[in-house]
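Tertiary structure, described
Take a look at the letters that make up each chain.
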Amino acid sequence: MNDNYTQYNSDSIYKFLDEDDASEAIDFIKDPSNFRTFNEGLSEIMIKKGYISDSTAPDEISQILYKKLTDIGSSLSLNTISSWIKGDHRPKVEAGYRKNIYEICYALNLTFNETIWFFHHVYYDRAFNCHTIDESVYYYCLKNNIAYKDSLDIIKRN
């Protein structure tokens, strides 16, 4: 499997455009090896941002991320973070987990565009469901480099 999942998937999409039989495309989508795992994507962004190296141990990655999250006031537990880093679990793609993903983005000081990338290529969901006040505020705050604490203050005012 190619380690550059984004390029691999982009190239694969074009392979299926002219297919009359969708079964090969469906098989591609059903095969988890064609997509990066949450812990791989999280590690990739943490390496890119300079928080860890390729050789950083999972327990150390968990501690680093936990510290960054507690610094912004997140209540995510070390056990939850460790289970994500070790690949035992991943955050569910549902409304209740989205705040956790935004907290990770803020904790790692991701830019607006990096946050979109993280949602699309690691969490596998769209970023910024702007039909909710919270996510509209996150959109505005990330776009304008406004801190997480300030975004929570804005949300509380509504």
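First, a word on scope: everything that follows refers to the structure included in this document. All residue numbers here refer to positions counted from 1 along the written sequence of the relevant chain. Given that the model is predicted, a residue must reach a pLDDT of at least 70 before its local features are reported, and side-chain atom pairs must reach 80 or more before they are shown or counted; all residues, however, enter totals for whole chains, interfaces and linings. Derived side-chain values reflect all non-hydrogen atoms in the structure, with water molecules and hydrogen atoms excluded from consideration.

**Details of unusual backbone geometry**
To keep things clear, this is the line we draw: Helix and strand labels come from DSSP, where a helix needs a run of H or I of at least four residues and a strand needs a run of E of at least two; each type is numbered from the N terminus. Only protein chains enter the accessibility calculation, which uses a 1.4 Å probe; a residue is then buried when its area is under 20% of its type maximum, exposed when over 50%, and partly exposed in between.
One non-glycine residue with positive phi stands out, namely Y124, at about 60°. Looking at the secondary structure, you find Y124 in the loop between α7 (112–123) and α8 (133–143). Y124 gets classed as partly exposed once you look at its relative accessible area, which sits at 33%. One non-glycine residue, F128, lies in the positive phi region at around 60°. Checked against the element boundaries, F128 lands in the loop between α7 and α8. F128 sits in the buried class, given a relative accessible area of 9%.

**Some words on the packing of helix α4 (residues 58–71) against helix α5 (residues 78–85)**
The relative placement of two packed helices comes down to the angle between their axes together with the axis-to-axis distance. Where we set the bar: As a rule, the C-alpha atoms of each element are fitted with a line to give its axis, helices using only the stretch in contact, and angles between N-to-C directions run from 0 to 180 degrees. When an angle is under 35 degrees it counts as roughly parallel; over 145 it counts as roughly antiparallel; between 65 and 115 it counts as roughly perpendicular; any other value is oblique. Definitions for this section: a left-handed crossing has its near helix turned counterclockwise from the far helix by less than a right angle. A right-handed crossing has that turn clockwise. Residue contacts follow a heavy-atom distance rule, with two residues in contact if any of their heavy atoms lie within 4.5 Å. Basically, the charged four are Asp, Glu, Lys and Arg, the nonpolar ten are Ala, Val, Leu, Ile, Met, Phe, Trp, Tyr, Cys and Pro, and anything else, Gly included, counts as polar.
One way to put it is that α4 packs onto α5 with a least axis distance of 9 Å and a crossing angle of 135°. With respect to α5, the element α4 is oriented oblique. Crossing of α4 against α5: the hand is right-handed. Facing P58, I61, S62, Q63, L65, Y66 and L69 of α4, the residues of α5 in contact are L78, I81, S82 and I85. A class-by-class count of the residues in the contact of α4 with α5 yields 8 nonpolar, 3 polar and no charged.

**So, helix α6 (residues 95–107)**
One full turn of an α-helix is made of 3.6 residues, so residues set three or four places apart face in the same direction. Within the sequence span of α6, burial applies to R98, N100, I101, Y102, E103, I104, C105, Y106 and A107. Positioned one or two residues after α6, N109 has a phi angle of 55°, which is positive.

**Re the packing of aromatic side chains**
Rules: In this analysis, rings of Phe, Tyr and Trp, with Trp reduced to its six-membered ring, are considered paired at centre separations within 6.5 Å, and the interplanar angle assigns stacked below 30 degrees, edge-to-face beyond 60, and tilted for intermediate values.
Per the stated rule, a full pass over the model turns up 12 aromatic pairs. Consider the rings of F38 and W84, whose centres lie 5.7 Å apart with planes at 75°: the pair is edge-to-face. Residue F38 is found in helix α3 (residues 38–48), and its partner W84 is found in helix α5; the two are separated by 46 residues along the sequence. What links up through ring pairs into an aromatic cluster is the set Y102, Y106, F112, F119, Y123, F128, Y138, Y139 and Y148.

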